[in-house]
Amino acid sequence: MPEVDPLSVIARLNQANYFVVTQQSQEAHKVADGLLPQSSAWASYWKHADAAEHTGNIADGIEWGLKAYTENPNDLASNFTLMNSFNLISEHAEARRVSDSLIAFAELAAGNNEEAVRQISARLQADPENLTLILDTDNIAHAARQFDIALRNYEEYARRQPAGRPVGGPYQTLLLAWNRRPAPGSLCRKPAMPSTGSSDCRSPHCGRQQHSLHNYL
């Protein structure tokens, strides 16, 4: 078991995350139990929901997720887990009700790609300096196969970062590189790997791909 500071809520949450992604659900639930007396119930309930969802116990995940929502209805991390659980059983109407901030992700999961992009683009237009919204727009547009929108916003996020820094993390950096790939036969000579700064690429094929690395982010 990874050693962590037993008094640190963040460390315990990270420990629970480790057990969740490594499919050690019993250990994850033990950590979640330990969070209950040392922190708000929200953290404990969220990690119980997360562990249940990742092992396919969707009903348990929703039950724990609703408890986390009762404790903290404004936390997007636990809300996302609850929303995703509803989506996994095709309860998309319930998923939309979890959080106004996550409706675009719910629409994406329901297969309403154009509406998902419209929703997140409208939010970004209302708050164009919000880097989190820029990345959300990137990811949703990429998953919706609207690669021109995804590339534009990945480039915008990259432009705002110090030189050499990943675009929001290794995953988004990889997606930027993917969207920058020229189509076969294109005359575009833009480097595939991301860098900050403006681009001189003007090929209409640049960044237009027919396949995504992931269907849903």
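This structure is a prediction, so every number in the text was calculated from the model and none was measured.

### Some points on the confidence of the model for the protein chain
A residue-level look at the protein chain finds 76% of positions with pLDDT of 70 or above and a mean pLDDT of 79. Across residues 185-217, where pLDDT falls below 50, the model places 76 contacts with residues more than four positions away in sequence or in other chains.

### Structural notes on the pattern of salt bridges
Evaluated as defined, the whole model comprises nine salt bridges. Measuring nitrogen to oxygen at the nearest pair gives 2.7 Å for the salt bridge that ties R118 to E115. Of this pair, R118 and E115 both sit in helix α8 (residues 113-126), three residues apart, which is roughly one turn of the helix. Measuring nitrogen to oxygen at the nearest pair gives 3.0 Å for the salt bridge that ties R160 to E129. Taken together, the residues span a long stretch of sequence, with R160 in the loop between α10 (147-159) and α11 (170-180) and E129 in the loop between α8 and α9 (131-143) at a distance of 31 residues. For R160, a relative accessible area of 28% translates into the label partly exposed.

### As for the packing of α9 against α11
Taken N-terminus to C-terminus, the directions of α9 and α11 make an angle of 55 degrees; their axes are 11 Å apart at the nearest point. By the angle between their directions, the pair α9 and α11 is classed as oblique. In this structure, the crossing between α9 and α11 has a hand that is left-handed. Within the contact between the two elements, α9 uses L135, N139 and H142 and α11 uses Q172, L175, W178 and N179.

### Topic: the side chain of D50
Along the chain, D50 falls in helix α3 (residues 41-54). There is a polar contact of 2.7 Å between the side chain of D50 and the side chain of K47. Filtering out sequence-adjacent residues up to four positions away, D50 remains in contact with N17, V20 and T81.

### Comments concerning the nonpolar core
Grouped together as the largest cluster of nonpolar side chains are 31 residues, with contacts concentrated most on M83, F86, L108 and I140. Elements represented by at least two residues in this core include exactly α4 (58-71), α5 (76-88), α6 (92-98), α7 (103-109), α8, α9, α10 and α11. Filtering out sequence-adjacent residues up to four positions away, F86 remains in contact with I62, E91, E94, A95 and V98. In terms of nonpolar packing, the next biggest core, distinct from the first, is built from eight residues, L13, A43, W46 and A68 among them.

### What to know about the packing of aromatic side chains
Summed over the entire model, instances satisfying the criterion amount to four aromatic pairs. Note on Y45 and W64: the rings are 5.7 Å apart at their centroids and 35 degrees apart in plane angle, and the pair reads as tilted. Of this pair, Y45 sits in helix α3 while W64 sits in helix α4; the two residues are 19 residues apart in sequence, bridging distant segments of the chain. Under the relative-accessibility criterion, Y45 is labelled buried at 19%. Its relative accessible area of 23% is what places W64 among the partly exposed residues. Between F80 and F105 the ring centres are 5.4 Å apart and the planes differ by 75 degrees, which places this aromatic pair in the edge-to-face class. Of this pair, F80 sits in helix α5 while F105 is found in helix α7, placing the two residues 25 residues apart along the sequence. A cation over a ring is seen here: K67 above Y45, with NZ or CZ 5.9 Å from the ring centre. When the ring centre of W64 is taken as reference, the NZ or CZ atom of K67 above it lies at 4.5 Å.

Definitions and cut-offs
- Along each chain, the written sequence defines residue order, and numbers are assigned to residues from 1.
- Residue-level local features of this predicted model are given only where pLDDT is at least 70; pairs of side-chain atoms are given and counted only at 80 or more, and the full residue set underlies all totals for whole chains, interfaces and linings.
- Excluded from the side-chain calculations are hydrogens and water; all other atoms, namely the structure's heavy atoms, are used.
- The predictor reports its confidence for every residue as pLDDT, a score running from 0 up to 100.
- In this analysis, two residues are considered to be in contact whenever any of their non-hydrogen atoms come within 4.5 Å of each other.
- Think of a salt bridge as a Lys or Arg side-chain nitrogen and an Asp or Glu carboxyl oxygen that are within 4 Å of each other.
- Each helix is a run of H or I in the DSSP string that is no shorter than four residues. Each strand is a run of E no shorter than two, and both are numbered from the N terminus.
- Burial status follows relative accessibility: with a 1.4 Å probe on protein chains alone, a residue under 20% of its type maximum counts as buried, one over 50% as exposed, and anything between as partly exposed.
- Between the N-to-C directions of two axes lies an angle of 0 to 180 degrees, each axis being a line fitted to C-alpha atoms and, for a helix, fitted only over the stretch in contact.
- Each angle receives one of four descriptions, namely roughly parallel if under 35 degrees, roughly antiparallel if over 145, roughly perpendicular if within 65 to 115, and oblique otherwise.
- Left-handed describes a crossing whose near helix is turned anticlockwise from the far helix through less than a right angle; right-handed describes the clockwise counterpart.
- N or O atoms closer than or at 3.5 Å make up a polar contact, with two conditions inside protein: a donor-capable atom paired with an acceptor-capable one, and, for residues adjacent in sequence, both atoms drawn from side chains.
- What is meant by a nonpolar core is a set of buried Ala, Val, Leu, Ile, Met, Phe, Trp, Tyr and Cys residues, joined one to another through side-chain atoms within 4.5 Å.
- Any two of the Phe, Tyr and Trp rings considered here, Trp counted by its six-membered ring, make a pair once their centres fall within 6.5 Å; the pair's planes then place it as stacked at under 30 degrees, edge-to-face at over 60, or tilted in between.
- Counting as a charge over the ring demands two things of the Lys NZ or Arg CZ atom: a distance within 6 Å of the ring centre and an angle within 35 degrees of the ring normal.

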